[in-house]
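Notes for the structure review
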Amino acid sequence: MSASLNAAAATATTTAQDPARTEPLAVLGRDVTVPLVTGGEVTYAALDYAASAPALQRVWDDVAAYAPYYGSVHRGAGYLSQLSTDLFEQSRATVAEFLDCRPSDQVVFTRSTTDSLNLLAAVIPADCQVFVFETEHHASLLPWTNAQVSYLNAPRTPDEAVATLERALADRDPYGPALVCVTGASNVTGELWPVKELAAAAHAHGARIVLDAAQLAPHHPVSVRDLGVDWVAFSGHKLYAPFGSGVLAGRADWLQQAEPYLAGGGASRKVSRREDGGVDVEWHTTAARHEAGSPNVIGVYSIASACRALTEAGFENLVARERQLVARVREGLAEVPAVRVLSLFGDDAPRVGVISFVVDGWNSSHFAAALSAEYGIGVRDGLFCAHPLVRTLLGNEPQAQGECGAPEAAPGERSLNAIRVSFGAGTPDEHVERFVRAVKELVADGAKWQYRTEEGRCVPAV
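In short, a report on the structure. Since the structure is predicted, the reported quantities are computational estimates derived from the model, not experimental observations.

Bringing the pairing of strand β12 (residues 279-283) into the picture now. Note that strand β11 (residues 268-273) and β12 share five bridges and pair antiparallel. Looking at β12, one finds that Val271 is bridged to Val281. Counting the residues in the hairpin turn of β11 and β12 gives five residues, including Gly277, whose phi is positive at 95 degrees.

Written out as structure tokens, the structure reads:
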């Protein structure tokens, strides 16, 4: 690797410090200003990390340092191709270390968590039984179309989650393969799930388990060994890296035994014609088996850069600071009687920086639009690609319609949406304070502007 790339990859580490004084990590867009409908501009408060976290400045700098050396990987004889190949495979090793993988595990690079779980769904044995809670993101809930799936009801405590899974597994065919799919942290409530206990229950009943770590990995260390999971999946764009890259890491056997997820160059080790005119293919048994085509080298490198940056910053400090931000938001929302925070496991449940809520008398789209247009705060409203969970948490009761709304409802239903605020390692204290203040002002005084519904979204009226 060139000296400039070595310098980019060796950014100084952050020493341990008092979490109360830990500064947010530098992210792209931190100085972007946006116009307000009421006049003037304000620094944009990006509080939609659960959808996509802003890229770390460190990651962007690493990618910029590599960009002039960009080249094809694995089969090129030129210097840049060899350098890029080394970078690609070193990134694989970095991700394996970040996840504390076992020596026999494979790290497969994908496009996203959704792609990773669809890859796993494509390689599970034909007679596999899959167990998944209704609380999952659609990326975890929907891929198992070729399996016998048992959808488990939403538990109301971590212990109930383990007991529910144990009962379901006890009733299954004990001789066939089985797979449990579970989230590490909810993308709706932010609550941490008892992954280690669920993994132990799965293994006790002869099942395997895959962890959807899309919301966990950016906020909390993930150890494949300590948690005892068989696979873990996550996305780069939630881990402070750019869009378009993801990871599936874990046991190699099912991956090696199945046909490639995509057939093509890179996945094949040897292709030859038969005498009858057909084609024989020998597929790779390494991770390349499921990485056909030209890989997203920059995306892969950006994931590795983000892994290094989070490790060097010290997860202990990042977790402690985020816990303070969570407490500030929850305390602020608790001071507003019209606000109801959504939760499965209760107020005392540990959680990452993801909080969803509804406001009496407000359609969620209207409230989110006002936060954006009048305060420069970006949040998300809707069902968050976790429709069964949000509907369960809302009790399937339609929200009261405000003067503006964008109902995305089934026939006969009215709007069933919530508002989600989410933050992380790059969030300044001021953004959280502004959000809490804005919620209080909107509930107390109403919106200062008129809004209308346009193409399913609530927008300021011109």
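A word on the sheet that holds strand β7 (residues 178-183). Ordered in space as β4-β10-β9-β8-β7-β5-β6, the seven strands form an open sheet in which the pairing is mixed. Since the sheet does not close on itself, it has two edges, and those belong to β4 (106-110) and β6 (148-152), each with one partner. The average angle at which neighbouring strand axes cross in this sheet is 20 degrees, direction not considered. Relative to β6, strand β5 (residues 129-133) is paired through five bridges, and the arrangement is parallel. Across the sheet, residue Gln129 finds its bridge partner in β6, namely Gln148.

We now examine the environment of Asp381. With respect to the helices and strands, the residue Asp381 is situated in strand β16 (residues 380-382). Measuring from C-alpha to C-alpha, the distance between Asp381 and Ala461 comes to 19 Å, with 80 residues separating the pair along the chain. Ignoring sequence-local partners within four residues, the contact set of Asp381 consists of Ser364, Ser365, Ala368, Ala418, Ile419 and Arg457. Side chain to side chain, Asp381 and Arg457 meet in a polar contact 2.7 Å long.

This paragraph deals with a nonpolar patch on the surface. A grouping of Val271, Val279 and Val281 is seen on the molecular surface, where their side chains present a nonpolar patch of about 230 Å² in accessible area. Within the fold, Val279 resides in strand β12.

In the structure shown here, the tally under the stated rule is eleven aromatic pairs. Measuring from centroid to centroid gives 6.4 Å for Tyr66 and Tyr70, while their planes differ by 65 degrees, and the two rings are edge-to-face. Measuring from centroid to centroid gives 6.0 Å for Phe357 and Phe435, while their planes differ by 65 degrees, and the two rings are edge-to-face. With Phe357 in strand β14 (residues 354-359) and Phe435 in helix α14 (residues 429-445), this residue pair connects regions lying 78 residues apart in the sequence. Here Phe357 matches Phe435 in class, with each residue buried. Following the ring pairs from residue to residue traces out a cluster consisting of Phe357, Trp362, Phe367 and Phe435.

This next bit is on the pattern of salt bridges. Within this structure, the stated rule accounts for 25 salt bridges. Here Asp48 ties to Arg420 by a salt bridge, and the two come within 3.6 Å at their closest N and O atoms. With a gap of 372 residues between them, Asp48 in the loop between β3 (45-46) and α2 (57-66) and Arg420 in strand β17 (residues 418-422) connect regions that are remote in the sequence. Both residues of the pair, Asp48 and Arg420, belong to the buried class. One salt bridge connects Lys196 with Asp226, and the closest N-O pair in it is separated by 3.1 Å. Of this pair, Lys196 sits in helix α7 (residues 195-204) while Asp226 sits in helix α8 (residues 224-227), and the two are 30 residues apart along the sequence. Taking relative accessible area as the criterion, Lys196 reaches 42% and is therefore assigned partly exposed. Within the structure, one salt-bridge network assembled from shared partners comprises Arg58, Asp62, Arg308 and Glu312.

As for its placement among the helices and strands, Gly376 is situated in the loop between α12 (364-375) and β15 (377-378). Beyond its immediate chain neighbours, meaning those up to four positions away, Gly376 contacts Val34, Leu36, Val42, Thr43, Tyr44, Ala45, Leu371 and Arg434.

In this section: the sheet that holds β14. Strand-to-strand pairing in sheets goes through backbone hydrogen bonds, with the strands running parallel or antiparallel. The four strands are arranged β13-β14-β17-β16 in an open sheet whose pairing can be described as antiparallel. Because the sheet does not close on itself, it has two edges, and the strands there are β13 (339-341) and β16. Going across the sheet, the axis of each strand differs from the next one's by a mean of 30 degrees, ignoring polarity. Sheet topology places β16 next to β17; three bridges connect them, and they run antiparallel. The partner of Arg380 across the bridge, within β17, is Arg420.

So, on to the pairing of β14. Here β14 lies mainly inside the structure; six of its six residues are buried. The alternating pattern of β14 places Val354, Ser356 and Val358 on one face and Ile355, Phe357 and Val359 on the opposite face, and all of these are buried. Pairing of β13 with β14, which is carried by three bridges, proceeds in the antiparallel orientation. Of the residues in β14, the one forming a bridge with Val341 is Phe357. The pairing of β14 with β17 spans four bridges and is antiparallel.

What counts, and where the lines are drawn
Residues numbered from 1 in each chain as written. Predicted model: local features only at pLDDT ≥ 70, side-chain atom pairs only at ≥ 80, totals over all residues. Heavy atoms only, no water. Pairing = 2+ DSSP bridges. Helix = DSSP H or I, 4+ residues; strand = E, 2+ residues; numbered from the N terminus. Axes fitted to C-alpha atoms, helices over the stretch in contact; angles between N-to-C directions. Contact = heavy atoms within 4.5 Å. Polar contact = N/O pair within 3.5 Å; in protein donor to acceptor, adjacent residues only side chain to side chain. Patch = residues over 30% accessible without salt bridge, like charges linked within 9 Å, V, L, I, M, F, W, Y side chains within 5 Å. Areas by Shrake-Rupley, 256 points an atom, 1.4 Å probe, with all protein chains shown as cover. Salt bridge = Lys/Arg side-chain N within 4 Å of Asp/Glu carboxyl O. Phe/Tyr/Trp six-rings, centres within 6.5 Å; stacked < 30°, edge-to-face > 60°. Buried < 20%, exposed > 50% of the residue type's maximum accessible area, 1.4 Å probe, protein only.

Remember that the coordinates give geometry; whether it matters functionally is a separate question.
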